[in-house]
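A structural walkthrough
Spelled out, the chains give:
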Amino acid sequence: MPVPPLESGDRLTRAEFERRYQATPEKFKAELIEGVVYVASPVRVFHGTPHAALVGWLTVYWAATPGVSVADNTTTRLDMDNESQPDALLRIETGGNSTISEDGYIEGASELIAEIASSSAAIDLGAKQNAYRRNGVQEYLVWQTFENCLSWFRLQAEEFVLIEPDVDGIIRSSLFPGLWLAVPALLEGRMMEVLSVLQAGLADPAHQTFIQTLTSPNLE
């Protein structure tokens, strides 16, 4: 029997989702969220450009921070009902909450996940957000491109709490010291300013302390 195609709305086990996914064309993208299949639409520039901006910001941090890694559109096995493919993520390589499986997928919740959403009504701020919260994602960023606003959530007491920028328009990660984001500059496409603020964060002493913690030979 031929393998049935994945279609939005299918309710599948993770094993069946993976079986069907492996039989699809390479450029096909789908996610399993709370046991339901979501097939991605073709990517427009309204998604692609913000995606590139967030990945670029995270990549600079990764390059300056041994012990962390960044990933773009990488399949993540969260639990038996959720297998997502975040637009971008940042994870602690050793001693973090996620691991790399033998077949090359991420298993468990990466510490920081970023998604590009078409609007506030998108799945990224609904079922997917709940799945990330329940699985222990510590920081969750959603860039709503229709409203052109960015929401940064931090996990506190098992709930996602919205973090507001400071008076200078900057949000500073509590989990990744030195990961500073100039939110207005990002939303207005001023990437040189975004990277300049990030460089200031990387120069902060807390970032160097964090690196020492990550690379310590006593790290379990």
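These figures come from a predicted structure and were not determined experimentally.

1. Structural notes on the overall build of the chain
Secondary structure assignment for the chain yields six helices and 14 strands. Its C-alpha atoms put the chain at 60 × 45 × 35 Å along the principal axes. Across the 220 residues that make up the chain, the buried fraction comes to 49%. Within the chain, residue pairs in contact and separated by at least 24 positions form 55% of the contacts whose partners lie at least 6 positions apart. In the structure as shown, the chain presents an accessible area of about 11000 Å², 55% of it carried by carbon and sulfur atoms. Considering the chain, the positive charge centre built from 15 side chains and the negative charge centre built from 30 side chains are found 5 Å apart.

2. Topic: the packing of aromatic side chains
For the structure shown, the criterion picks out nine aromatic pairs. Between Trp 57 and Trp 152, the aromatic rings sit 6.1 Å apart at their centres with planes inclined by 75 degrees, giving edge-to-face as the arrangement. Of this pair, Trp 57 sits in helix 2 (residues 45-63) while Trp 152 sits in strand 11 (residues 149-156), and the two are 95 residues apart along the sequence. When sorted by exposure, Trp 57 lands in the same class as Trp 152, which is buried. Their ring planes at 70 degrees and their centres at 5.1 Å tell us that Tyr 132 and Tyr 140 sit as a pair that is edge-to-face. For Tyr 140, a relative accessible area of 0% puts it in the buried group. The structure contains a cluster of three or more aromatic residues connected by ring pairs, namely Tyr 132, Tyr 140, Phe 153 and Phe 160. Of note, Arg 172 hangs over the ring of Trp 180, and the distance from its end group to the ring centre comes to 4.3 Å.

3. Considering the sheet that holds strand 11
In any sheet, the strands associate via hydrogen bonds between backbone groups, in a parallel or an antiparallel arrangement. Pairing is mixed in the open sheet, where six strands are placed in the order 3-6-9-10-11-12. A single partner strand is all that each edge strand has here, and the edge strands are strand 3 (68-72) and strand 12 (159-163). With direction set aside, neighbouring strand axes in the sheet form an average angle of 20 degrees.

4. Considerations on the pairing of strand 2 (residues 36-39)
Note on strand geometry: in a regular strand, side chains alternate between the two faces of the sheet. Where strand 1 (residues 30-33) meets strand 2, four bridges bridge the pair, whose relative direction is antiparallel. Its bridge partner lying in strand 2, Leu 32 is registered against Val 37. The turn linking strand 1 back onto strand 2 is made up of two residues, and Glu 34 within it adopts a positive phi angle of 55 degrees.

5. Details of unusual backbone geometry
In this structure, Asn 73 takes a positive phi of about 55 degrees despite not being glycine. In this fold, Asn 73 is placed in the loop between strand 3 and strand 4 (76-79). Using a relative accessible area of 29% as the deciding quantity, one classes Asn 73 as partly exposed. One non-glycine residue, Asn 148, lies in the positive phi region at around 50 degrees. Along the polypeptide, Asn 148 turns up in the loop between strand 10 (139-144) and strand 11.

6. Concerning the side chain of Arg 154
Relative to the elements of secondary structure, Arg 154 occurs in strand 11. The exposure class assigned to Arg 154 is buried, which follows from its relative accessible area of 15%. Of the polar contacts made by the side chain of Arg 154, one reaches the side chain of Glu 139; its length is 3.4 Å. Setting aside its immediate chain neighbours within four residues, Arg 154 contacts Gln 138, Glu 139, Glu 159, Phe 160, Val 161, Ile 163, Arg 172, Ser 173 and Ser 174.

7. Topic: the packing of helix 2 against helix 5 (residues 191-202)
Put simply, helix 2 and helix 5 touch, their axes get as near as 10 Å, and they point 25 degrees apart. Our classification of the angle between helix 2 and helix 5 gives roughly parallel. As for the relative orientation of helix 2 and helix 5, their crossing is right-handed in sense. Taking contact as the criterion, the partners of Ala 53, Trp 57, Val 60 and Tyr 61 in helix 2 are, on helix 5, Met 191, Val 194, Leu 195, Leu 198, Gln 199 and Leu 202. Looking at the contact of helix 2 with helix 5 residue by residue, the class counts come to nine nonpolar, one polar and no charged.

Parameters and conventions
Residues numbered from 1 in each chain as written. Predicted model: local features only at pLDDT ≥ 70, side-chain atom pairs only at ≥ 80, totals over all residues. Heavy atoms only, no water. Helix = DSSP H or I, 4+ residues; strand = E, 2+ residues; numbered from the N terminus. Buried < 20%, exposed > 50% of the residue type's maximum accessible area, 1.4 Å probe, protein only. Contact = heavy atoms within 4.5 Å. Areas by Shrake-Rupley, 256 points an atom, 1.4 Å probe, with all protein chains shown as cover. Lys, Arg positive; Asp, Glu negative; His and termini not counted. Charge placed at Lys NZ, Arg CZ, Asp CG, Glu CD. Phe/Tyr/Trp six-rings, centres within 6.5 Å; stacked < 30°, edge-to-face > 60°. Lys NZ or Arg CZ within 6 Å of the ring centre and 35° of its normal. Pairing = 2+ DSSP bridges. Axes fitted to C-alpha atoms, helices over the stretch in contact; angles between N-to-C directions. Polar contact = N/O pair within 3.5 Å; in protein donor to acceptor, adjacent residues only side chain to side chain. Parallel < 35°, antiparallel > 145°, perpendicular 65-115°, else oblique. Left-handed = near helix turned anticlockwise from the far one by under 90°. Nonpolar A, V, L, I, M, F, W, Y, C, P; charged D, E, K, R; others polar.

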